[in-house]
Amino acid sequence: MMSQDSFETLLNFFKVLGNETRLKLLGLLANETRSVGELAAMLDLREPTISHHLHMMREFGLVDVEAAGNVRIYRLNTKFLESMSADLLSQERLANLAQDVVGDEWERKVLKTFLDGERITAIPAQYKKQLVVIKWLVDKFEMDRRYTEREVNEIIKQHHQDSAWFRRSFIDHGLMQRENSVYWRVSAAPTAS
């Protein structure tokens, strides 16, 4: 699964490149270093417009700039692009974007089917769907808190009458641990394969 920071970086990457002028600038700078004046003449645009686009690209890390007398020379930051390609634009990472969306949508549908507000209407027969409901319910418990069995039962019963089944499921799926009738959340995230 892609982290939120990685997702934001990828989103910003496509936002920066989601402009025809910036894409053309990227292409021109991929061939050789150039000044704002040269780029403006090549694209038949005003220098302030080119400077604006280069500024956005530079802030994101796509281009570097160096002063050569009174002129600023821009070049493509190939190391940044290579890093983006390896880290965020790999086939696996891009595939995970769709997986996150599809997985989230499927889980929402499962919860919509088996929840009525905050009440679980039925325990799903299918294992993968059970896991979605179990993970939803375990999120009602705080991570850094110890619960007595009675407290666990009370919280579960706010959502479903079968507290024993859900308690066992939390333990069986590694979402909670138990010792001497004291329960606590753990950060394990089971997968439904």
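Here the structure is a predicted model, which is why all the values come from computation and not from measurement. (Residues numbered from 1 in each chain as written. Predicted model: local features only at pLDDT ≥ 70, side-chain atom pairs only at ≥ 80, totals over all residues. Heavy atoms only, no water.)

A.B. asks: I would appreciate a short explanation of the overall build of the chain in the present structure.
C.D. replies: Scanning the chain from terminus to terminus reveals nine helices and eight strands. Residue burial in the chain is summarised as follows: out of 193 residues, 37% are buried. (Helix = DSSP H or I, 4+ residues; strand = E, 2+ residues; numbered from the N terminus. Buried < 20%, exposed > 50% of the residue type's maximum accessible area, 1.4 Å probe, protein only.)

A.B. asks: What is the right way to read the pattern of salt bridges from this model?
C.D. replies: Pairing is possible between side chains of opposite charge, provided their charged atoms come close. All chains considered together, the criterion is met by nine salt bridges. A salt bridge links Arg34 to Glu32; the shortest N-O distance between them is 3.4 Å. By relative accessible area, which is 11% here, Arg34 ends up buried. Residue Glu32 is classed as partly exposed on the basis of its relative accessible area, which comes to 45%. As a salt-bridge pair, Glu151 and Arg145 come within 3.2 Å of each other at their nearest N and O atoms. (Salt bridge = Lys/Arg side-chain N within 4 Å of Asp/Glu carboxyl O.)

A.B. asks: What exactly am I supposed to notice about the packing of aromatic side chains here?
C.D. replies: Each aromatic ring pair is specified by the distance between its two centres and by the angle formed by the two planes. The final tally for this structure, using the stated rule, is four aromatic pairs. Its guanidinium or amino end placed over the ring of Trp106, Lys128 lies 5.5 Å from that ring's centre, counting from NZ or CZ. (Phe/Tyr/Trp six-rings, centres within 6.5 Å; stacked < 30°, edge-to-face > 60°. Lys NZ or Arg CZ within 6 Å of the ring centre and 35° of its normal.)

A.B. asks: Got a minute to help me understand the pairing of strand 3 (residues 71–76) in this structure?
C.D. replies: Within a regular strand, side chains alternate between the sheet's two faces. Here strand 1 (residues 34–35) runs beside strand 3; their pairing, made up of two bridges, is antiparallel. If you follow Ser35 over to strand 3, its bridge partner there is Ile73. In this structure, strand 2 (residues 63–68) lies alongside strand 3, joined through six bridges in antiparallel fashion. Looking at the pairing, Glu66 lines up with Ile73 of strand 3. Where strand 2 folds back on strand 3, the antiparallel hairpin that results is connected by two residues, among which Gly69 adopts a positive phi of roughly 70 degrees. (Pairing = 2+ DSSP bridges.)

A.B. asks: I would appreciate a short explanation of the sheet that holds strand 3 in the present structure.
C.D. replies: Sheets are built from strands that pair by backbone hydrogen bonding, the pairs being arranged parallel or antiparallel. Strand order in the open sheet formed by three strands is 1-3-2, and the pairing between neighbours is antiparallel. Looking along the sheet, the strands with just one partner apiece sit at the ends: strand 1 and strand 2. Strands strand 2 and strand 3 of the sheet are contacted by helix 4 (residues 47–60), whose axis makes an angle of about 115 degrees with strand 2. (Contact = heavy atoms within 4.5 Å. Axes fitted to C-alpha atoms, helices over the stretch in contact; angles between N-to-C directions.)

A.B. asks: For this particular structure, what's the right way to read the sheet that holds strand 6 (residues 146–148)?
C.D. replies: With antiparallel pairing, three strands are arranged side by side in an open sheet as 6-8-7. The open sheet has two edge strands, strand 6 and strand 7 (176–179), and neither has a second partner. Looking at each pair of strands side by side, their axes are set apart by 30 degrees on average, direction ignored. Pairing between strand 7 and strand 8 (residues 182–185): four bridges, direction antiparallel. Looking across to strand 8, one finds that Met176 is bridged to Arg185. Of the strands in this sheet, strand 6 and strand 8 are in contact with helix 8 (residues 149–157), which crosses strand 6 at around 90 degrees. Packed onto the sheet, helix 9 (residues 163–172) meets strand 7 and strand 8 and runs at close to 105 degrees relative to strand 7.

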